[in-house]
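# Observations on the model geometry
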Amino acid sequence: MELIFIGYPGSGKGTQASYLAEKYGIPQISTGDILRQAVAGKTPLGVEAKRAMDAGELVPDAVVIGMIEERLKASDAQKGFILDGFPRTIKQAQEFDRILYKIDRQIKVVLSLEVSKQRIFKRLTSRRVCSNCNHIYNLIYDPPPENGVCISCGKAASFFQRDDDKETTVQHRMDVYEELTQPLKKYYDGQGKLAEVDGSLNIEKVREQILAITEAAGKEK
Ligand code: AMP
């Protein structure tokens, strides 16, 4: 099962990808997470990526393509993978198609989570992150625990707003998405792989729609 999630930042890609990864026993590969780890570890990649990330810009195509190519070689990715946050430009999608061809793999479905811009803005600027484990909370529908103990890692933590979730950066990330990532819908539609999902519903309802699509795709083979 090889899947791609596309959608505005904050459209729920991470949440849904992590559920599917567990269900199908395949890795969720988030370029945003890999980059954030590199930033935290102050690796050369992290140092290079940090400025773009903080400003809500994309890091260079060649950097993320290289990261993904390496990541797909790992043994846990041989049965399938779920990409969350990659590809993000037409160039990345084209390069990725070349990589897939080389390793004789194929994307089954590209799930596009459809959520209005207004809703995305509210969701992102309300996001708070655990200082220990990066678990994501939301002030509106999933607030951080009042006792200060993260429900995910069980440790006392502070819950902070990522620089890229601040208002002006969120606006910019949404503009970048529209300009550079939205065209991927047409690209994958042309390959007959695009499936649109109403991402404005609650997590369970979104999950149901996705499962209907992935189960049907799994049967096609
Ligand atoms: P995310 O958590 O997916 O929203 O990613 C956070 C940030 O990492 C983005 O705003 C970009 O700066 C960078 N990033 C993640 N994935 C990609 C990608 N596929 N191409 C370029 N930049 C990326």
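Structure's up top.
We now turn to the structure provided with this report. A quick note: this is a predicted structure, and the numbers were derived from the prediction, not measured.

### A short note on the overall build of the protein
A tally of helices and strands in the protein yields nine helices and eight strands. Against the compact-globule benchmark of 17 Å for 221 residues, the protein has a radius of gyration of 17 Å, which places it among compact chains. For the protein, the spread of C-alpha atoms along the three principal axes comes to 50 × 40 × 35 Å. Across the 221 residues of the protein, 43% fall into the buried class. Contacts in the protein between residues far apart in sequence, at least 24 positions, make up 69% of those at least 6 positions apart. Charge centroids of the protein, computed over 32 positive and 31 negative side chains, lie 2 Å from each other.

### A look at the sheet that holds strand β1 (residues 2-6)
Here we have five strands laid out as an open sheet, ordered β2-β3-β1-β4-β8, and parallel in their pairing. Among the strands making up the open sheet, the edge pair consists of β2 (28-30) and β8 (194-198). For this sheet, the mean inter-axis angle between neighbouring strands, taken without regard to orientation, is 25°. Bridge analysis of β1 against strand β3 (residues 81-84) gives four bridges, and the strand direction is parallel. Considered in β3, the bridge of Leu 3 is made with Ile 82. Seen against the sheet, helix α2 (residues 31-40) touches β2 and β3 and runs at an angle of roughly 60° to β2.

### Here we look at the site of the ligand
Near the ligand you find 15 residues, and of these Thr 31, Arg 36, Glu 57, Gly 85 and Gln 92 are the closest. Between the ligand and Val 59, the relevant distance is 3.1 Å, taken from a nitrogen atom to a main-chain nitrogen or oxygen of the residue. When the ligand is considered free in solution it has 480 Å² of accessible area, and contact with the protein chains removes 96% of it. No other element matches α2, which puts four residues into the shell around the ligand. Here the shell around the ligand is built from residues that sort into six nonpolar, four polar and five charged.

Reading the values: rules and limits
- Residues numbered from 1 in each chain as written.
- Predicted model: local features only at pLDDT ≥ 70, side-chain atom pairs only at ≥ 80, totals over all residues.
- Heavy atoms only, no water.
- Helix = DSSP H or I, 4+ residues; strand = E, 2+ residues; numbered from the N terminus.
- Rg over C-alpha atoms; globule rule 2.2 N^0.38 Å.
- Buried < 20%, exposed > 50% of the residue type's maximum accessible area, 1.4 Å probe, protein only.
- Contact = heavy atoms within 4.5 Å.
- Lys, Arg positive; Asp, Glu negative; His and termini not counted.
- Charge placed at Lys NZ, Arg CZ, Asp CG, Glu CD.
- Pairing = 2+ DSSP bridges.
- Axes fitted to C-alpha atoms, helices over the stretch in contact; angles between N-to-C directions.
- Near = heavy atom within 4 Å.
- Polar contact = N/O pair within 3.5 Å; in protein donor to acceptor, adjacent residues only side chain to side chain.
- Areas by Shrake-Rupley, 256 points an atom, 1.4 Å probe, with all protein chains shown as cover.
- Nonpolar A, V, L, I, M, F, W, Y, C, P; charged D, E, K, R; others polar.

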